[in-house]
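Each chain, letter by letter, is given below.
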Amino acid sequence: MTEIIAGVEIPETRAAAEASRFIRETTNPLIFHHSRRVFLFGTLEARERGLQPDPELLYISALFHDTGLLTPFSDVEQRFELDGADHARKFLLDRGFSDAAAEVVWTAIALHTTPGIPGRMGDEVASTNFGVLTDVVGLGLDGLAPDQVEEITAAHPRGDFKNEFLRAFVDGLGHRPDTTYGTVNADVLEHFVPGFRSISMVERIMGSAWSA
């Protein structure tokens, strides 16, 4: 039976179903519900903006976009966005998706916290970012029909999302603070981790090996 939430059809492909199962098993309800809301809000925002993302690729981008917070892809210390992007790319390639499709999803996840750039890229990349912005900071929320928002949050409750989501960032990044340099993630650690201060670009330039 087709699942439709707020007028948005959840992809019924084998990969989409396996992605749903994987995220349920390897993350937690906070990330699962947030990721599904990102897909739903991203789809609605895409319609408003005249974008036409591939539903399956957008769904997988949304579901995997925060996996790096809880399930690092490797022992290499890297930004959590890259962990999630690497997870998703392997997931797709292992299931016979093309390199091009995997690259679209990788890019959507890798850039989902980067201000200003994703919205100027391909439809899946932009829609993932718009979905994240709607669910996390409420961008575009006032432009959505209240009944759509209510249906989405009924299917995927927010609970104490603001506090729990910020805690997930602290827990997922506290042991690798250097990976937050130059990102919005550093803001979270600076707020919650006593004594943490991200090095600035000025410090990096002035402290470089160059004499002038």
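The preceding data block contains the structure.
For the structure given in this document, a descriptive report is provided here. (Residues numbered from 1 in each chain as written. Predicted model: local features only at pLDDT ≥ 70, side-chain atom pairs only at ≥ 80, totals over all residues. Heavy atoms only, no water.)

**Examining the overall build of the protein chain**
Consideration 1: When helices and strands are tallied, the protein chain shows ten helices and two strands.
Consideration 2: Ordering the α and β elements of the protein chain from the N terminus gives β-β-α-α-α-α-α-α-α-α-α-α.
Consideration 3: Relative to the globule expectation of 17 Å for 212 residues, the C-alpha radius of gyration of the protein chain, 18 Å, shows essentially globular dimensions.
Consideration 4: Taken along the three principal axes of its C-alpha coordinates, the protein chain extends 65 × 40 × 35 Å.
Consideration 5: By residue count, 47% of the 212 residues in the protein chain fall in the buried class.
Consideration 6: Once local pairs closer than 6 in sequence are excluded, the contacts in the protein chain between residues at least 24 apart make up 63%.
Consideration 7: Of the roughly 11,000 Å² that the protein chain leaves accessible, carbon and sulfur atoms contribute 55%.
Consideration 8: Of note, the protein chain has its 18 positive side-chain charges centred 2 Å away from the centre of its 32 negative side-chain charges. (Helix = DSSP H or I, 4+ residues; strand = E, 2+ residues; numbered from the N terminus. Rg over C-alpha atoms; globule rule 2.2 N^0.38 Å. Buried < 20%, exposed > 50% of the residue type's maximum accessible area, 1.4 Å probe, protein only. Contact = heavy atoms within 4.5 Å. Areas by Shrake-Rupley, 256 points an atom, 1.4 Å probe, with all protein chains shown as cover. Lys, Arg positive; Asp, Glu negative; His and termini not counted. Charge placed at Lys NZ, Arg CZ, Asp CG, Glu CD.)

**Remarks on the layout of surface pockets**
Consideration 1: Taken as a whole, the largest pocket holds about 510 Å³ of empty space.
Consideration 2: The wall of the largest pocket is formed by 26 residues, among which Val132, Val136, Val137, Phe165 and Val184 lie closest to the centre.
Consideration 3: The set of elements that each furnish at least two residues to the lining of the largest pocket consists of helix H6 (123–137), helix H8 (161–173) and helix H9 (185–192).
Consideration 4: No other element matches the six residues that H6 contributes to the lining of the largest pocket.
Consideration 5: Of the residues that constitute the lining of the largest pocket, the class distribution is 15 nonpolar, nine polar and two charged. (1 Å grid on protein atoms, 1.4 Å probe; cavity = no way out; pocket = protein on both sides within 12 Å on 5 of 7 lines; lining within 4 Å. Points joined across faces, edges and corners; volume = space filled by probe spheres on them. Nonpolar A, V, L, I, M, F, W, Y, C, P; charged D, E, K, R; others polar.)

**So, the environment of Ala102**
Consideration 1: Tracing the backbone through its elements, the reader meets Ala102 in helix H5 (residues 99–110).
Consideration 2: Excluding residues that lie within four positions of it along the chain, Ala102 makes contacts with Arg89, Leu92 and Leu93.

**Some remarks on the side chain of Thr114**
Consideration 1: Mapped onto the elements, Thr114 comes out in the loop between H5 and H6.
Consideration 2: Residues within four places of Thr114 in sequence aside, it is in contact with Arg79 and Asn129.

**Topic: the packing of helix H3 (residues 55–64) against H5**
Consideration 1: In the contact formed by H3 and H5, the axes pass within 9 Å of each other and the chain directions differ by 40°. It follows from the interaxial angle that H3 and H5 lie oblique. The way H3 lies across H5 gives a crossing that is right-handed. Here Leu57, Ile60, Ser61 and Phe64 of H3 come into contact with H5, specifically with Ala101, Val104, Val105, Ala108 and Ile109.
Consideration 2: Among the residues forming the contact of H3 with H5, the class breakdown is eight nonpolar, one polar and no charged. (Axes fitted to C-alpha atoms, helices over the stretch in contact; angles between N-to-C directions. Parallel < 35°, antiparallel > 145°, perpendicular 65-115°, else oblique. Left-handed = near helix turned anticlockwise from the far one by under 90°.)

**A closer look at the packing of H5 against H6**
Consideration 1: Relative orientation of the contacting elements H5 and H6 amounts to 30°, with a least axis distance of 8 Å. Here H6 runs roughly parallel to H5, going by the angle between their axes. Our pair here, H5 against H6, has a crossing hand that is right-handed. Along its contact with H5, which presents Val104, Thr107 and Ala108, the element H6 presents Glu124, Val125 and Thr128.

**Focus: the nonpolar core**
Consideration 1: Of all hydrophobic cores here, the largest spans 36 residues; its most connected members are Phe39, Ile60 and Phe64.
Consideration 2: Taken together, the elements giving at least two residues each to this core come down to helix H1 (14–26), helix H2 (29–48), H3, helix H4 (80–94), H5 and helix H7 (146–155).
Consideration 3: The dominant element in this core, judged by the number of residues it contributes, is H3, at seven residues.
Consideration 4: Leaving out residues up to four positions away in the same chain, Phe64 has contacts with Ala19, Phe22, Ile23, Gly84, His87, Ala88, Phe91 and Ile109.
Consideration 5: With 13 residues, the next largest nonpolar core counts Leu30, Phe80, Phe169 and Val170 among its residues. (Core = buried A, V, L, I, M, F, W, Y, C linked by side-chain atoms within 4.5 Å.)

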